[in-house]
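Single-letter residue listing:
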Amino acid sequence: MTDGPRQRGSAAPSTSEDGAADAGKAAGQSSVALKKEIGLVSACGIIVGNIIGSGIFVSPKGVLENASSVGLALIVWIITGLITAIGALCYAELGVTIPKSGGDYSYVKDIFGGLAGFLRLWIAVLVIYPTNQAVIALTFSNYVLQPLFPTCFPPENGLRLLAGICLLLLTWVNCASVRWATRVQDVFTAGKLLALILIIIMGLVQICKGEYYWLEPANAFEPFQDYDVGLIALAFLQGSFAYGGWNFLNYVTEELVDPYVNLPRAIYISIPLVTFVYVFANIAYVTAMSPQELLASNAVAVTFGEKLLGVMSWIMPISVALSTFGGVNGSLFTSSRLFFAGAREGHLPSLLAMIHVKRCTPIPALLFTCISTLLMLCTSDMYTLINYVGFINYLFYGVTVAGQIVLRIKQPDMHRPIKISLVWPVIYLLFWAFLLIFSLYSEPVVCGIGLAIMLTGVPVYFLGVYWENKPQCFNTFVGKMTYLGQKFCVVVYPMEDEKKNEESGDEIEMKEQSVPLSAEDEETPKSADC
């Protein structure tokens, strides 16, 4: 941890070590900065690619088995898509009002203070992103290796080894170039959309052949088990989790080309597209499978392909593998920016706030993300951890949207390029509160453990961030480690762009707000590389 929020574009924190001081001087004189290379297409690719993972191909049955009928399951998919769109609208306003990378972490920190922001970051660093990335990588390796082991499950060590290779390869791509990473995301997002379009087209062909028994109203709402309010609420919770990733573009706001235009546009395009794909893919599935067959399948898209594609059924497992490969890339790209933003605000080691002097990529943050995910691959409890912290992740969505209302009350005259009606955050919060209360009621132990894991960040915050007068030996050690990390990764602090400095003039004035740039810092020399 650092001693507090660091001034962006300034020299590194001073230490008594000559090496660390020299590194800080080099950082102060550098002209490197994060590049704005994410256009509208890539922005849509980040949102769509992070929402659509393997779930819609492998196991969309979570909603169906709790909704108790095909018709109600489709209604749940539509409603959760609409609620996700409302939440995304709220995030769009926050994203252009507080134009920082870091997403909900940055918004919670600026609105509710450093401790609240740190707890959001803490749970993300400790569990959420390492476990999610590890699970997606394992799903990728499972579908790649499954054809080699047709009569049994692939060996677990082989799965973990291939998952690790996938992570290392994509970390290298992300370290090498932002453009490469976004191109990978664009290509694999297009691939998974094409696979889903194929599923939808086959479903339409089935309907044209008269195979729509489970879509007729009399049959669609025929329950295969008794309707239960608790199960229906759980279906909505499963649907909400399926749309997870809709807020990831807010993590890379500072790398967006024209964020005031492209951030809301990408949201307006991506969320309806994903909702359309989810609903019609599920419609396609029930044209070829009964609800019982769908619930019995461990890989719905594969079973669907075996029924309708014949010798071309191999397309589906490959589609799942490509989808998960792109999902790992998108998660690495966005989560590393979250850690970068946290380090820049003094909530993580300052080394993570540095970028490569030529490539302008946050290499330390990417390496940190990769290493934490590789460590998670070595554990056997990651699925349990996901259950524990899934509740906390959803909790912070509501806290962030509530922050939008708080900000409207505290600073009504603040410049807002997008200003939506407060009716929308209220609707989102009512739905969010319903699911949250139900989660606490149905799984109090799991939710309690998740809260306990989050609260372990409180002493870490006070020791690592709030406590400013740390022993000199500690500061010297941190300075040495930071300097060694800079030499190893060839990184420096990014400079603050003058235009960005002007745009941030209307940002919230909080106790932990960054110190204004000095006149010397504002003189940013041109750089041929960045």
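One can find the structure itself at the top, above this paragraph.
The structure displayed is predicted, hence computed values, not measured ones.

This part covers the overall build of the chain. Secondary structure assignment for the chain yields 23 helices and two strands. Residues classed as buried in the chain amount to 57% of the 530 residues present. Taking as baseline every contact in the chain between residues at least 6 positions apart, the subset at least 24 positions apart corresponds to 83%. Surface summary for the chain: the accessible area is close to 22,000 Å², and the carbon and sulfur share equals 66%.

Another aspect to go through is the environment of Ile386. You can see Ile386 is positioned in helix H17 (residues 382–410). Through-space distance from the C-alpha of Ile386 to that of Gly450 is 9.2 Å; in sequence the pair is 64 residues apart. If sequence neighbours within four positions are ignored, Ile386 has contacts with Thr131, Asn132 and Val135.

Let us now look at helix H18 (residues 423–442). Under the 1.5 Å per step criterion, the end-to-end length of H18 is 29 Å for 20 residues, consistent within 8% with the ideal 28 Å. Where H18 is concerned, the buried positions are Pro425, Tyr428, Leu429, Phe431, Trp432, Leu435, Leu436, Phe438 and Ser439.

Here the focus is the nonpolar core. In globular proteins that are soluble, nonpolar side chains generally tend to be buried together. Counting 143 residues, the largest nonpolar core has Ile52, Ile199 and Leu249 as its most contacted members. Ile199 has contacts with Phe57, Ala281, Ala284, Tyr285, Ala301, Phe304 and Met316, leaving out every residue within four places of it along the chain.

Within helix H20 (residues 457–466), burial applies to Gly457, Tyr461, Gly464 and Val465. The buried residues of H20 all sit within an arc of 100 degrees when viewed along its axis, so they share a single face. Looking at the buried positions of H20, the neighbouring elements they touch are helix H7 (114–145) and helix H19 (444–455).

Pairs of aromatic rings are described using the distance from one ring centre to the other and the angle between the two planes. A complete count under the given rule lists 24 aromatic pairs for this structure. Aromatic pair Phe140 and Phe325: ring centres 5.4 Å apart, planes at 50 degrees, arrangement tilted. Linking Phe140 in helix H7 with Phe325 in helix H15 (residues 315–344), this pair joins segments that are 185 residues apart in sequence. With respect to class, Phe140 is no different from Phe325; both count as buried. An aromatic cluster is built from Tyr91, Tyr107, Trp246, Tyr394, Tyr397 and Tyr428, whose rings are joined through pairwise contacts. Above the ring of Phe333, the side-chain terminus of Arg337 is found at 4.1 Å from the ring centroid.

The phi angle at Ser68 is positive, at roughly 75 degrees, despite the residue not being glycine. Residue Ser68 is classed as buried on the basis of its relative accessible area, which comes to 0%. Phi angles above zero are rare outside glycine, and Asp258 is one such case at about 50 degrees. Its location among the elements puts Asp258 in the loop between helix H11 (229–242) and helix H12 (259–288).

Cut-offs and rules
- Residues numbered from 1 in each chain as written.
- Predicted model: local features only at pLDDT ≥ 70, side-chain atom pairs only at ≥ 80, totals over all residues.
- Heavy atoms only, no water.
- Helix = DSSP H or I, 4+ residues; strand = E, 2+ residues; numbered from the N terminus.
- Buried < 20%, exposed > 50% of the residue type's maximum accessible area, 1.4 Å probe, protein only.
- Contact = heavy atoms within 4.5 Å.
- Areas by Shrake-Rupley, 256 points an atom, 1.4 Å probe, with all protein chains shown as cover.
- Expected span 1.5 Å × (residues − 1).
- Core = buried A, V, L, I, M, F, W, Y, C linked by side-chain atoms within 4.5 Å.
- Arc of directions from axis to C-beta.
- Phe/Tyr/Trp six-rings, centres within 6.5 Å; stacked < 30°, edge-to-face > 60°.
- Lys NZ or Arg CZ within 6 Å of the ring centre and 35° of its normal.

Purely geometric stuff here, so don't read any function into it on its own.
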